[in-house]
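What follows is the residue order along each chain.
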Amino acid sequence: MTWPRYLWPLVAACCAGVTLAGAGEPHFSSELRFNAFGYRHDSEREADNSAFESDLRLDVSGSRGDHLRYRVVPQVRFDTTDRSDPWTIEWEEDGADRPLLTVHEAVLAWYGDRVEWVVGKQFFDWGSGDGFKPADNLNPYDWVDLPIAEKIGVSALSLYRFGESFDAQLVLVPWFTPARLPAADNRWLPSDAPLREAYRRAVGSDPVVVDGGHERPAHATDTIQAAARLASSTLVTGWDLALTFYSGHDSIGVLRTDAVPPDLVVTRVHPAYTEVGLSVATTLGEW
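Below, the structure is looked at part by part.

What counts as what
- Residues numbered from 1 in each chain as written.
- Predicted model: local features only at pLDDT ≥ 70, side-chain atom pairs only at ≥ 80, totals over all residues.
- Heavy atoms only, no water.
- Helix = DSSP H or I, 4+ residues; strand = E, 2+ residues; numbered from the N terminus.
- Areas by Shrake-Rupley, 256 points an atom, 1.4 Å probe, with all protein chains shown as cover.
- Pairing = 2+ DSSP bridges.
- Contact = heavy atoms within 4.5 Å.
- Buried < 20%, exposed > 50% of the residue type's maximum accessible area, 1.4 Å probe, protein only.
- Polar contact = N/O pair within 3.5 Å; in protein donor to acceptor, adjacent residues only side chain to side chain.
- Core = buried A, V, L, I, M, F, W, Y, C linked by side-chain atoms within 4.5 Å.
- Phe/Tyr/Trp six-rings, centres within 6.5 Å; stacked < 30°, edge-to-face > 60°.
- Lys NZ or Arg CZ within 6 Å of the ring centre and 35° of its normal.
- Salt bridge = Lys/Arg side-chain N within 4 Å of Asp/Glu carboxyl O.
- Patch = residues over 30% accessible without salt bridge, like charges linked within 9 Å, V, L, I, M, F, W, Y side chains within 5 Å.

1. Topic: the overall build of the chain
- The helix and strand tally for the chain stands at two helices and 16 strands.
- When the accessible surface of the chain is split by element, carbon and sulfur atoms take 59% of a total near 16,700 Å².

So, in structure tokens, the structure goes:
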């Protein structure tokens, strides 16, 4: 069964409309962020050694009664290096370029005494430490500006249960969102020289590299990504513990090479995988 791409924004809009109809006065805030990049070395791919970009976000949040809350964060982007598509408006940020207008985050949450239901475009932070977290895989990353890579929100349904000894969370992500990688004219794109050399040794001639495109998992019921997490800060005194499970697709993907001499067809694919992770964090003196 295939999920229509328009279904999720339509359901989200209906839920938001019902909520706002009887909600109290919303709270507004905004954030305007500027990034400027300057490089000391020339790049074979990128013509300019400087770049400028800006993100404008409007944060609208509120509640209805004691249990229902909402938050919507539309975002507008500009840059000087064609990293954003000036004609694109996207809910699901699965394009190769950044959309001009998107919804950075949009959630509708219901809070009970021990249970929290959240639906919408969300961000997750799974792991016990503050640095690199191998089990934090629910959100893909935007790697276009590699030094300041940031997460991309995903449409998801989350059930969170607060416990005395540990908390539990179950997440379902109906649609796959790939990581956004640097384009061919970006200085951060890795060199394909090793691939060409391996082909030359195997075949005896230089390859003609052909772009095979980007194969993504279909938006279907059998490709829904699922994850679960048990976390505790009280089970063992002084330790933060988390046990995670994830079943989905690799967001960055791998390159599949099909040799049809003299052509070498390179296709980006996203293999499915299952992962179980254990996160442990504690303090040692001032560390």
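2. With respect to the pairing of strand E14 (residues 254–260)
- The sheet contact formed by E14 and strand E15 (residues 263–269) spans seven bridges and is antiparallel. Following the sheet pairing, Val254 is matched in E15 by Val269.
- From the end of E14 to the start of E15, which pair antiparallel, there are two residues.

3. Details of the side chain of Thr244
- Structurally, Thr244 is set in strand E13 (residues 239–249).
- Not counting the four nearest positions on each side in its chain, Thr244 is found in contact with Trp126, Ala135, Ala228, Arg229, Glu275, Val276 and Gly277.

4. Concerning the pairing of strand E6 (residues 115–122)
- Pairing between strand E5 (residues 98–111) and E6: six bridges, direction antiparallel. Across the sheet, the residue bridging to Ala106 is Lys121, located in E6.
- Where E5 folds back on E6, the antiparallel hairpin that results is connected by three residues.
- Relative to strand E9 (residues 154–161), E6 is paired through eight bridges, and the arrangement is antiparallel. Of the residues in E9, the one forming a bridge with Trp117 is Leu159.

5. Here we look at the side chain of Glu93
- Considering the arrangement of structural elements, one finds Glu93 in the loop between strand E4 (84–90) and E5.
- Owing to a relative accessible area of 2%, Glu93 belongs among the buried residues under this scheme.
- Here Arg77 takes part through its side chain, which lies 3.0 Å from a polar atom of the side chain of Glu93.
- Here the side chain of Glu93 touches Lys121 through a polar contact of 3.1 Å, side chain to side chain.
- The residues contacting Glu93, other than those within four sequence positions of it, are Arg77, Pro99, Thr102, Val103, Lys121, Ile152, Thr177 and Arg180.

6. Remarks on the nonpolar core
- One finds Phe124, Trp126, Leu138, Val154, Ala156, Val171, Val173, Ala227 and Tyr246 forming the largest nonpolar core, which totals nine residues.
- When residues of this core are traced back to their parent elements, those giving at least two are E9 and strand E10 (167–173).
- Among residues more than four places away in sequence, those in contact with Val171 are Phe124, Trp126, Leu138, Ala156, Leu157, Ser158, Gln225, Ala226 and Ala227.

7. Quick word on the packing of aromatic side chains
- If you walk through the whole model with that rule in mind, you get four aromatic pairs.
- Note on Tyr246 and Tyr273: the rings are 5.5 Å apart at their centroids and 50° apart in plane angle, and the pair reads as tilted. Here Tyr246 is found in strand E13, whereas its partner Tyr273 is found in strand E16 (residues 272–282), with 27 residues between them in sequence.
- On the accessibility criterion, Tyr246 (3% relative accessible area) is buried.
- In this structure Tyr273 comes out as partly exposed when scored by relative accessible area, which is 27%.
- Just above the ring of Tyr111 sits the side chain of Arg69; from NZ or CZ to the centre is 4.5 Å.

8. What about the pattern of salt bridges?
- All chains considered together, the criterion is met by 17 salt bridges.
- Between Arg33 and Glu150 there is a salt bridge, with the nearest N and O atoms lying 3.3 Å from each other. Of the two residues, Arg33 is situated in strand E1 (residues 27–38) and Glu150 in strand E8 (residues 150–151); the sequence distance between them amounts to 117 residues.
- Glu150 sits in the partly exposed class, given a relative accessible area of 22%.
- The salt bridge partner of Glu164 is Arg114, with a shortest N-O separation of 3.6 Å. With a gap of 50 residues between them, Glu164 in the loop between E9 and E10 and Arg114 in the loop between E5 and E6 connect regions that are remote in the sequence.
- Linked through salt bridges whose partners overlap, the residues forming this network are Glu53, Arg77, Glu93, Arg98, Lys121, Asp142, Asp145 and Arg180.

9. Describing a nonpolar patch on the surface
- A cluster of nonpolar side chains, Phe166, Leu230, Leu235, Val236, Trp239, Leu243, Phe245, Val276, Leu278 and Val280, forms an exposed patch at the surface whose accessible area comes to about 940 Å².
- Looking at the nonpolar patch, the elements that each hand over two or more residues are E13 and E16.
- Note that Val280 resides in strand E16.

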